[in-house]
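Residues per chain, in single letters:
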Amino acid sequence: MSAGPRPESPPRVLVVDDDRRVLELLDVALTSQGFRVLPAGDGDEALLRAHQDRPDLVVLDLRLPKKSGLDVVEGLRRDPQDPDVPILVVSALPEPDSRLEAFRRGADDYLAKPFSPRELVARLRRLLSRADEARSLRRRTHELERSLAAAREEAARAVREAGRQGRLRDLVHAAGRELHAELDLDRLATRTLALLEARLHAGWLALLLPGDEGALSATAARGEGLDRAWALELAPHGMLSSVLVPLGRPTLRAELERFPELKEPLAPFVAAGVALFVPLGSAGVLEAVVIADERRDGRGYDPEQLAGAAELAQVAAGAIATARRVQSQGRRVIAGCAQGLPGSPADVARLLDHAARALLVPAGDRWLIAAGLAAVDDGFVPKLAQEAPGDPSGLTSRLLGWLEEGARGQTPARLLALGLVIGRARALGLPLAEAVQRATRERPADDAIAQAVADAARELESPRAASR
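Residues numbered from 1 in each chain as written. Predicted model: local features only at pLDDT ≥ 70, side-chain atom pairs only at ≥ 80, totals over all residues. Heavy atoms only, no water.

### Focus: the nonpolar core
1) Next: Core analysis: the largest hydrophobic core is formed by 41 residues, its most contacted members being Ile-334, Leu-351, Phe-380, Leu-399, Leu-415, Ile-422 and Val-453.
2) Next: At the level of elements, helix 11 (303-338), helix 12 (346-358), helix 13 (363-372), helix 14 (380-387), helix 15 (395-405), helix 16 (411-427), helix 17 (432-442) and helix 18 (447-467) are the ones that each hand at least two residues to this core.
3) Next: With eight residues, the top contributor of residues to this core is helix 16.
4) Next: Leaving out residues up to four positions away in the same chain, Leu-399 has contacts with Ile-334, Leu-368, Gly-372, Phe-380, Leu-384 and Leu-416.
5) Next: Ala-175, Leu-188, Leu-195 and Leu-196 belong to the second-largest nonpolar core, a separate cluster that totals 31 residues. (Core = buried A, V, L, I, M, F, W, Y, C linked by side-chain atoms within 4.5 Å. Buried < 20%, exposed > 50% of the residue type's maximum accessible area, 1.4 Å probe, protein only. Helix = DSSP H or I, 4+ residues; strand = E, 2+ residues; numbered from the N terminus. Contact = heavy atoms within 4.5 Å.)

Following this line, the structure appears as structure tokens:
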């Protein structure tokens, strides 16, 4: 008997008795009442037929050859496929003891010999009805168990999702406080990349910010990605930006490659190994774009990672928009300090910009180096010192620091210090190449800076000489 609903075919009754006359009598009696009889003459045959034919009911005598009826009952109850098949024991043994032992072994009913065929049929129909009810109850129980398991899984999923959302809210809230408290755009860019790196586990990331010319270019990087991202630019109103802005979410390069019109603007990013674009938009404006390569473990970015990156990007976009406004104020403060001062000749500014690009100096620092050339006039530094305490951008204080550090400072400070010497030499009327040579003698720079400045001078001097 299967665990599912009983089929509409006649109920199958396994009749087990070693008396052939009894088997023939029960075959006639039960067949006439709509049953199909499966006969067996001993205990072994009974178990074999039960396993093969899966009867709906079993009628068996206790006294059987090879294996007793009680052993057959136990064997049927141990069957893992159908341990609940209804069993009616018939026996001529002394009734009290045999009845109790049959029930102890697992029989459902007991009928003493001799018995009336009509009574046997009535008891079989009652057992069959109970079996049908038991099957129905088991089905409902199994359905309820499945529903309960599904409900538990859904509840567990909801708990996990609520926990994930809670952790994400906590992450975004903490990141928001941290990022919005930072008004220095360079430090903000570095911190934004650190937060996204912790979320995405990318091999390298770079942040592209709008420069003075409008195009978004690399300003900061993690994982030594600045070398790979340095030549990349993203037009704020180009085809690629026009797709990223409305999407407003981290987008895999593979998604963008499905658009034929993006093949050309994507080509430089493909060559650089960019696998993910994270647009940072605020009020419909593309404030910045973070680009990243594949995950360090080689696995793909999962939806939870991208969702967290999207939340962080939204927070970072607002912080960057605020920092850019503050930076603009700082630039105006510095420009005001330089107003009316002669500064260095324009070709010196171009020279330092060329050299700074070769040295991978970010765009914001290149602007500050150019502004610092006004320090050839002695009145510039006192003006900066006066304005620095009221400049929330920190640009004025940073430029003052570079001017004080000079050749002892980092690359921007050392480059600016050398540029000021070149500017003073140019003010004396020396050609650019000679001014560079004189400056490098008076203020020795490290090999990388000296080489970058010398290369930039050669690039600029030839067209100038040709135009004289």
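### Some words on the side chain of Asp-42
1) Next: Mapped onto the fold, Asp-42 is located in the loop between strand 2 (36-40) and helix 2 (43-53).
2) Next: By relative accessible area, Asp-42 is classed as buried at 13%.
3) Next: Engagement of the side chain of Asp-42 in a polar contact is seen with the backbone nitrogen of Asp-44, the distance being 3.1 Å.
4) Next: Reaching out from Asp-42, the side chain makes a polar contact with the backbone nitrogen of Glu-45 at a distance of 2.7 Å. (Polar contact = N/O pair within 3.5 Å; in protein donor to acceptor, adjacent residues only side chain to side chain.)

### Observations concerning the packing of helix 13 against helix 15
1) Next: For the pair helix 13 and helix 15, interaxial distance at closest approach is 10 Å and the crossing angle is 65°. Relative to helix 15, the crossing made by helix 13 is right-handed. From helix 13, Asp-365, Leu-368, Ile-369 and Gly-372 reach across to helix 15, where they touch Leu-395, Arg-398, Leu-399, Trp-402 and Leu-403.
2) Next: Classifying every residue of the contact of helix 13 with helix 15 by side-chain character gives six nonpolar, one polar and two charged. (Axes fitted to C-alpha atoms, helices over the stretch in contact; angles between N-to-C directions. Left-handed = near helix turned anticlockwise from the far one by under 90°. Nonpolar A, V, L, I, M, F, W, Y, C, P; charged D, E, K, R; others polar.)

### Observations concerning the pattern of salt bridges
1) Next: Going through the model one piece at a time under the given rule, you end up with 34 salt bridges.
2) Next: Arg-324 is the salt-bridge partner of Glu-287, the closest N and O atoms lying 3.0 Å from each other. Residue Glu-287 is located in strand 11 (residues 285-292), and its partner Arg-324 is located in helix 11; the two are separated by 37 residues in the primary sequence.
3) Next: For Arg-324, a relative accessible area of 27% translates into the label partly exposed.
4) Next: Note that Asp-302 and Arg-295 form a salt bridge whose closest N and O atoms lie 3.7 Å from each other.
5) Next: On the basis of relative accessible area, Asp-302 is assigned to the partly exposed category, the value being 29%.
6) Next: The buried category is assigned to Arg-295, whose relative accessible area is 8%.
7) Next: Three or more residues are tied together by salt bridges with common partners; here these are Asp-71, Glu-74, Arg-78, Glu-101, Arg-104 and Arg-105. (Salt bridge = Lys/Arg side-chain N within 4 Å of Asp/Glu carboxyl O.)

### Regarding the pairing of strand 11
1) Next: Counting buried positions over the eight residues of strand 11 gives seven, a clear majority of the element.
2) Next: Relative to strand 11, strand 6 (residues 205-210) runs antiparallel, the two being bridged by four bridges. Bridge pairing in strand 11 links Leu-208 to Val-289. (Pairing = 2+ DSSP bridges.)

### Considerations on the sheet that holds strand 3 (residues 57-61)
1) Next: Pairing within the open sheet is parallel, and its five strands lie in the order 2-1-3-4-5. Every interior strand has two partners, whereas the edge strands, strand 2 and strand 5 (109-112), have only one. Strand-to-strand, the axes of this sheet are offset by a mean angle of 20°, without reference to chain direction.
2) Next: Contacts between helix 2 and the sheet are confined to strand 1 (12-16) and strand 2, with strand 2 contributing the most and set at about 140° to the helix.
3) Next: Along the sheet, helix 3 (residues 69-77) contacts strand 3 and strand 4 (87-91); its crossing angle with strand 3, the most-contacted strand, is approximately 155°.

### Quick look at the packing of aromatic side chains
1) Next: Applying the stated criterion to the full structure yields one aromatic pair.
2) Next: Ring plane angle 65° and centroid distance 5.2 Å describe the contact between Phe-269 and Phe-277, whose orientation is recorded as edge-to-face.
3) Next: A residue is classified by how much of its surface remains accessible, and Phe-277, at 0% relative accessible area, is buried. (Phe/Tyr/Trp six-rings, centres within 6.5 Å; stacked < 30°, edge-to-face > 60°.)

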